[in-house]
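Next come the chains, spelled out residue by residue.
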Amino acid sequence: MRRLLVVLLALALALVPTTASAYANAFFPTQSSGNRGADVLAIQYLLQHNGHSAPADGVFGASTVDAAKAFQTAKGLGADGIVGPQTWAALAPTIRSGDNNAAVKALQVELNAKRRLSLPVDGVFSTAVRDAVAAFQTHAGIGSDGIVGPITWRNLAWHYDYPDFTANLCDQDPDGNGTAANWATSAAVAQLEQAARSFASTGQGKVPYGDAGYEHGGDIPGHGSHEVGLDIDIWPIRTDNGQCTAGRITWQSTTYDRAATRQLVQAIRAAAPGHVRIIFFNDPTLINEGLTTEWPAHDNHLHVRFCEKVHPNSLYTC
């Protein structure tokens, strides 16, 4: 009888619906001067909610640094202007249906970026916002009550972002991982989008976007890294500007455009000052110029590794 009960219990548990686990060790991503993206915009709204003047442009510039320092001073935190886990936690209040404030704007920004939604960023915690919160909580495997407290904030801030391919990017899939491999941190995505927009002004075509990572990180076939949302592969530029349509080339190819690829690398570095850890690409000229670094099997693509001021993995610390 006891064995039968064990078997029945096991069967019952097998029938219980399961949800995706966002990440057992989700953490607030450290954001600082030079970063950009949805997490930065959320921080700016949270600073406004706490009574500090900050722009709402998604760019962590000097005024955001000053606002972060003022908030940290008021809260007795180290006033370095870097928004790490402690500052995030102090910034983010518990919010729920009926609230109307800048913290709700921060929530709406994060939900739109992390869940690919189109909620109005109006600061109103409406029924639609509550439903979106509950859906995210289910997705993340946390308590689905529609109330945004510390656990929900942390998981939402940690969750990866999806690129906007209208930002002069084209989606490429060399390793067969599909669109599921396009996710990266909000900072990495926004910084590459900005570089691609800047590169658009040269009139040399779009920037091919290869594998970045899965929605919740983890091992990705065909790569030894790309697990923490801060690695993105892109293609070198061709002389015919056909890098999105005519196939991938190597730096040795006759159609390789070194000057244009140099401009692209410079745009990437300019879009994320202090937040590009390394760019692997084997063009010896760009290596000698200090723009890229040699690494095996990187003749036909640039592996851009972004970084943060503080990260659990030292390979991604600026």
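None of these values were measured; they are calculated from a predicted model.

1. A look at the side chain of Gln243
Link 1 in the chain: Mapped onto the elements of the fold, Gln243 is located in the loop between strand 3 (231-234) and helix 9 (258-271).
Link 2 in the chain: Polar side-chain contacts of Gln243 include one of 2.9 Å to the backbone oxygen of Lys206.
Link 3 in the chain: For Gln243, the residues in contact, after removing those within four places along its chain, are Gln204, Gly205, Lys206, Pro208, Trp235, Pro236, Ile237 and Arg238.

2. Structural notes on the state of the cysteines
Link 1 in the chain: Going through the model one piece at a time under the given rule, you end up with two disulfides.
Link 2 in the chain: A disulfide bridge connects Cys170 with Cys244, and the sulfur atoms are separated by 1.9 Å. The chirality of the disulfide connecting Cys170 with Cys244 is left-handed, given an S-S dihedral of about -80 degrees. On the criterion of sequence distance, the pair formed by Cys170 in strand 1 (residues 169-171) and Cys244 in the loop between strand 3 and helix 9 is long-range, its members being 74 residues apart.
Link 3 in the chain: Residue pairing for Cys307: its cysteine sulfur links by disulfide to Cys318, the two sulfurs lying 2.1 Å apart.

3. A few points about the UniProt feature "domain: Peptidoglycan binding-like" (unreviewed entry) in the protein chain
Link 1 in the chain: Under the feature "domain: Peptidoglycan binding-like" (unreviewed entry), the UniProt entry names residues 36-91 and 101-154.
Link 2 in the chain: Across residues 36-91, the secondary structure splits into 59% helix and 0% strand, with the terminal C-alpha atoms separated by 18 Å.
Link 3 in the chain: As annotated, residues 101-154 has a helix share of 61% and a strand share of 0%, and its two end C-alpha atoms lie 19 Å apart.

4. Observations concerning the environment of Tyr316
Link 1 in the chain: Mapped onto the elements, Tyr316 comes out in the segment after strand 5 (302-306).
Link 2 in the chain: For Tyr316, a relative accessible area of 3% gives the class buried.
Link 3 in the chain: Each C-alpha atom of the pair Tyr316 and Asp57 lies 25 Å from the other, and the pair is 259 residues apart in sequence.

5. Things to note about the packing of helix 5 (residues 102-115) against helix 6 (residues 127-140)
Link 1 in the chain: Two elements in contact, helix 5 and helix 6, have axes whose closest approach is 11 Å; the angle formed by their N-to-C orientations is 50 degrees. As summarised for this structure, helix 5 and helix 6 are arranged oblique, according to the angle between their axes. Of the two possible hands of crossing, helix 5 and helix 6 adopt the one that is left-handed. Residue-level contacts link Leu107, Gln108, Leu111 and Arg115 of helix 5 to Val129, Ala132, Val133, Ala135, Phe136 and His139 of helix 6.
Link 2 in the chain: Grouping the amino acids of the contact of helix 5 with helix 6 by side-chain chemistry returns seven nonpolar, two polar and one charged.

6. Observations regarding the pattern of salt bridges
Link 1 in the chain: In the structure shown here, the tally under the stated rule is seven salt bridges.
Link 2 in the chain: Here Asp240 and Arg238 are joined by a salt bridge, their closest N and O atoms 2.9 Å apart.
Link 3 in the chain: Between Asp283 and Arg258 there is a salt bridge whose closest N-O contact spans 2.8 Å. One end of the pair, Asp283, is in the loop between strand 4 (276-280) and helix 10 (284-288); the other, Arg258, is in helix 9, and 25 residues separate them in sequence.
Link 4 in the chain: Residue classification places Asp283 among the buried positions, given a relative accessible area of 0%.
Link 5 in the chain: Overlapping salt bridges bring together Asp39, Glu110 and Lys114 as one network.

Cut-offs applied
- Residues numbered from 1 in each chain as written.
- Predicted model: local features only at pLDDT ≥ 70, side-chain atom pairs only at ≥ 80, totals over all residues.
- Heavy atoms only, no water.
- Helix = DSSP H or I, 4+ residues; strand = E, 2+ residues; numbered from the N terminus.
- Polar contact = N/O pair within 3.5 Å; in protein donor to acceptor, adjacent residues only side chain to side chain.
- Contact = heavy atoms within 4.5 Å.
- Disulfide = S-S within 2.5 Å.
- UniProt positions renumbered as here; feature names shortened; annotations may be inferred.
- Buried < 20%, exposed > 50% of the residue type's maximum accessible area, 1.4 Å probe, protein only.
- Axes fitted to C-alpha atoms, helices over the stretch in contact; angles between N-to-C directions.
- Parallel < 35°, antiparallel > 145°, perpendicular 65-115°, else oblique.
- Left-handed = near helix turned anticlockwise from the far one by under 90°.
- Nonpolar A, V, L, I, M, F, W, Y, C, P; charged D, E, K, R; others polar.
- Salt bridge = Lys/Arg side-chain N within 4 Å of Asp/Glu carboxyl O.

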